[in-house]
Amino acid sequence: MEEIRMKLLGEKFPSMEVMTTHGVKRLPEDYAGKWFVLFSHPADFTPVCTTEFVEFARKANDFKELNTELIGLSVDQVFSHIKWVEWIKDNTNIAIPFPVIADDLGKVSNQLGMIHPGKGTNTVRAVFIVDDKGTIRLIMYYPQEVGRNVDEILRALKALQTADQYGVALPEKWPNNYLIKDHVIVPPSTDEASANERKEKIKSKEIDAFDWWFVHKPLK
């Protein structure tokens, strides 16, 4: 039996079969070759969760453009999910295009460490960004009383994919950082020779840098 604990970055997303509003799904196998964002909610028919669902739906195409699928979850039955999705469409004119996992027994939530002792049987607002190889790359936890920023989740996803593609690191609020704007950060030197080489390039203004350990450049 798998240990019930919070998952860690770099671990494989555990294989599981789940019931959703779009039928049975196998995670992460059904999303092989794609990234996915799994986000949990304390319960259906709650105001904060509804505002989040609407915004995830509004930004769903932005996620798709990044080869990423969205998956919702809450500790309610699939019938409740279906009625809630219908309510959102009827009252906000926003259709929910992504599946919502029915986790009424809390099996998935426990397996992913999303039910915290101080919050009873409800899940916290967890976000798991999982890459196209089924590896957990980012985890966010919000309390029940605070809604998430979907734009930040989208930004973090873009940053992860950019880091993978170009072998760089991304600054605070990239691509709108105060210090280096839309530049990306070059990995630091790991030996004296390359550090000294960078110092010379900084002097001759061949590279942009604050110092040999803080080199930055345009993405392309």
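Residues numbered from 1 in each chain as written. Predicted model: local features only at pLDDT ≥ 70, side-chain atom pairs only at ≥ 80, totals over all residues. Heavy atoms only, no water.

Looking at the packing of helix α1 (residues 47–58) against helix α3 (residues 78–92)
Packing of α1 against α3 leaves a shortest axis separation of 11 Å and a crossing angle of 75°. Put simply, α1 runs roughly perpendicular to α3. Residue-level inspection shows Cys49, Thr50, Phe53 and Val54 of α1 in contact with α3, the latter providing Trp84, Trp87, Ile88 and Thr92. A per-class count over the contact of α1 with α3 returns six nonpolar, two polar and no charged. (Axes fitted to C-alpha atoms, helices over the stretch in contact; angles between N-to-C directions. Helix = DSSP H or I, 4+ residues; strand = E, 2+ residues; numbered from the N terminus. Parallel < 35°, antiparallel > 145°, perpendicular 65-115°, else oblique. Contact = heavy atoms within 4.5 Å. Nonpolar A, V, L, I, M, F, W, Y, C, P; charged D, E, K, R; others polar.)

A short note on the pairing of strand β3 (residues 35–41)
Of all seven residues making up β3, seven are buried, and the element is well covered by its neighbours. The side-chain alternation of β3 yields two buried faces, one formed by Trp35, Val37, Phe39 and His41 and the other by Phe36, Leu38 and Ser40. Relative to strand β6 (residues 125–130), β3 runs antiparallel, the two being bridged by four bridges. Residue pairing across strands places Phe36 opposite Val130, the latter belonging to β6. (Buried < 20%, exposed > 50% of the residue type's maximum accessible area, 1.4 Å probe, protein only. Pairing = 2+ DSSP bridges.)

Considerations on α1
When the terminal C-alpha atoms of α1 are compared, their 17 Å separation across twelve residues agrees well with the 16 Å that a helix rising 1.5 Å per residue should span. For α1, the set of buried residues is Cys49, Thr50, Glu52, Phe53, Val54, Phe56 and Ala57. (Expected span 1.5 Å × (residues − 1).)

Re the packing of aromatic side chains
On inspection of all chains with the given rule, the structure shows eleven aromatic pairs. Both rings, one in Phe39 and one in Phe56, keep their centres 3.8 Å apart while their planes meet at 15°; by these two values the pair is stacked. Of this pair, Phe39 sits in strand β3 while Phe56 sits in helix α1, and the two are 17 residues apart along the sequence. The pair Phe39 / Phe56 is uniform in exposure class, with both members buried. (Phe/Tyr/Trp six-rings, centres within 6.5 Å; stacked < 30°, edge-to-face > 60°.)

Quick look at the UniProt feature "binding site: substrate" (unreviewed entry) in the protein chain
Taking the numbering used here, the UniProt-annotated feature "binding site: substrate" (unreviewed entry) corresponds to Arg125. The residue Arg125 is located in strand β6 in this model. Residue classification places Arg125 among the buried residues on the basis of a relative accessible area of 2%. A distance of 3.0 Å separates the side chain of Arg125 from the side chain of Glu52, its partner in a polar contact. (UniProt positions renumbered as here; feature names shortened; annotations may be inferred. Polar contact = N/O pair within 3.5 Å; in protein donor to acceptor, adjacent residues only side chain to side chain.)

Quick look at the pairing of strand β1 (residues 16–20)
Burial along β1 is one-sided: the face carrying Met16, Val18 and Thr20 is buried and the face carrying Glu17 and Met19 is not. Across five bridges, β1 lies against strand β2 (residues 23–27) in antiparallel orientation. Bridged to Val18 within β2 is Lys25. Taking the residues that link successive antiparallel strands as the turn, the β1-β2 hairpin has two residues.

Comments concerning unusual backbone geometry
Between Leu27 and Pro28 the backbone carries a cis peptide bond, its omega angle lying at -5°. With respect to the helices and strands, Pro28 occurs in the loop between β2 and β3. For the bond from Trp174 to Pro175, the omega torsion is 10°, close enough to zero to count as cis. The residue Pro175 is located in the loop between α5 (150–166) and β8 (184–186) in this model. Backbone geometry places Asn67, a non-glycine residue, at a positive phi of 60°.

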